[in-house]
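Tertiary structure, described
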Amino acid sequence: MYCMLGSETEESTFTEHGIKVQPVGLAHGVDPASPLNRAGGVLAYALCGTAVRAWPDHVFDPHADRVHDQCAALSQPE
């Protein structure tokens, strides 16, 4: 299953080129094909049901550091 990254927290950094916003904290998996997430947008629901910030340009890696355990388990094929 393809999952994009979701996060409960984001960080804003001011640079000479503008504001850079990036995900920080615990990573969640978001299924963009889910009926809850098909409309796109910034708000999405993670595999675990948590409301998160969606990051469509980032792929969820269930093996990365600081990953929500339930999202990691749900994103793996059985």
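Use the structure listed above.
Residue numbering note: each chain is counted from 1, following its sequence as written. Residues qualify for local features only when their pLDDT is at least 70, as the model is predicted, and side-chain atom pairs are given and counted only at 80 or more; totals for whole chains, interfaces and linings, by contrast, use all residues. Hydrogens and waters are ignored; side-chain quantities use all the structure's heavy atoms.

Considering the pairing of strand S4 (residues 51–59)
Put simply, the rule is: When DSSP finds two or more bridges between two strands, those strands count as paired. Segments assigned H or I by DSSP are reported as helices when at least four residues long, segments assigned E as strands when at least two residues long, and all are numbered from the N terminus.
As paired strands, strand S1 (residues 4–15) and S4 are joined by four bridges and run antiparallel to one another. Residue pairing across strands places Met4 opposite Val59, the latter belonging to S4. Here strand S3 (residues 43–45) pairs with S4 via three bridges, running antiparallel. Directly across from Leu43, in S4, lies its bridge partner Arg53. Between S3 and S4, which follow one another and run antiparallel, lie five residues, and Gly49 among them has a positive phi close to 100°.

Some words on the pairing of S1
Judged from the eleven bridges that link them, S1 and strand S2 (residues 18–30) form a sheet pairing that is antiparallel. In the sheet register, Phe14 faces S2, and the bridge partner there is Ile19. Between S1 and S2, which follow one another and run antiparallel, lie two residues.

Considering the packing of aromatic side chains
Both the distance between ring centres and the angle between the ring planes are used here to describe each pair of aromatic rings. Formally: Aromatic pairs are defined between Phe, Tyr and Trp rings, using the six-membered ring for Trp, whenever the two ring centres lie within 6.5 Å; interplanar angles under 30 degrees are classed as stacked, those over 60 as edge-to-face, and all others as tilted. Charge-over-ring contacts are defined here by two conditions on Lys NZ or Arg CZ: a distance within 6 Å of the ring centre and an angle within 35 degrees of the ring normal.
Counted by the stated rule, this structure contains zero aromatic pairs. Lying over the aromatic face of Trp55, Arg53 brings its terminal NZ or CZ to 3.9 Å of the ring centre.

Re the side chain of Ser7
Here is the rule we go by: When a residue's accessible area, from a 1.4 Å probe over protein chains only, is under 20% of the maximum for its type it is buried; when over 50% it is exposed; and in between it is partly exposed. Whenever two N or O atoms come within 3.5 Å, that pair is a polar contact, provided that in protein one can donate a hydrogen and the other can accept it, and provided that, for residues adjacent in sequence, both atoms are side-chain atoms. Contact between two residues is taken to exist if any of their heavy atoms lie within 4.5 Å; hydrogens are not considered.
Structurally, Ser7 is set in strand S1. Note on Ser7: relative accessible area 2%, which makes it buried. Within the local environment of Ser7, its side chain forms a polar contact with the side chain of Trp55, the two groups lying 2.9 Å apart. Ignoring any residue separated from it by four or fewer positions in sequence, one finds Ser7 in contact with Pro23, Val24, Leu26, Val52, Arg53 and Trp55.

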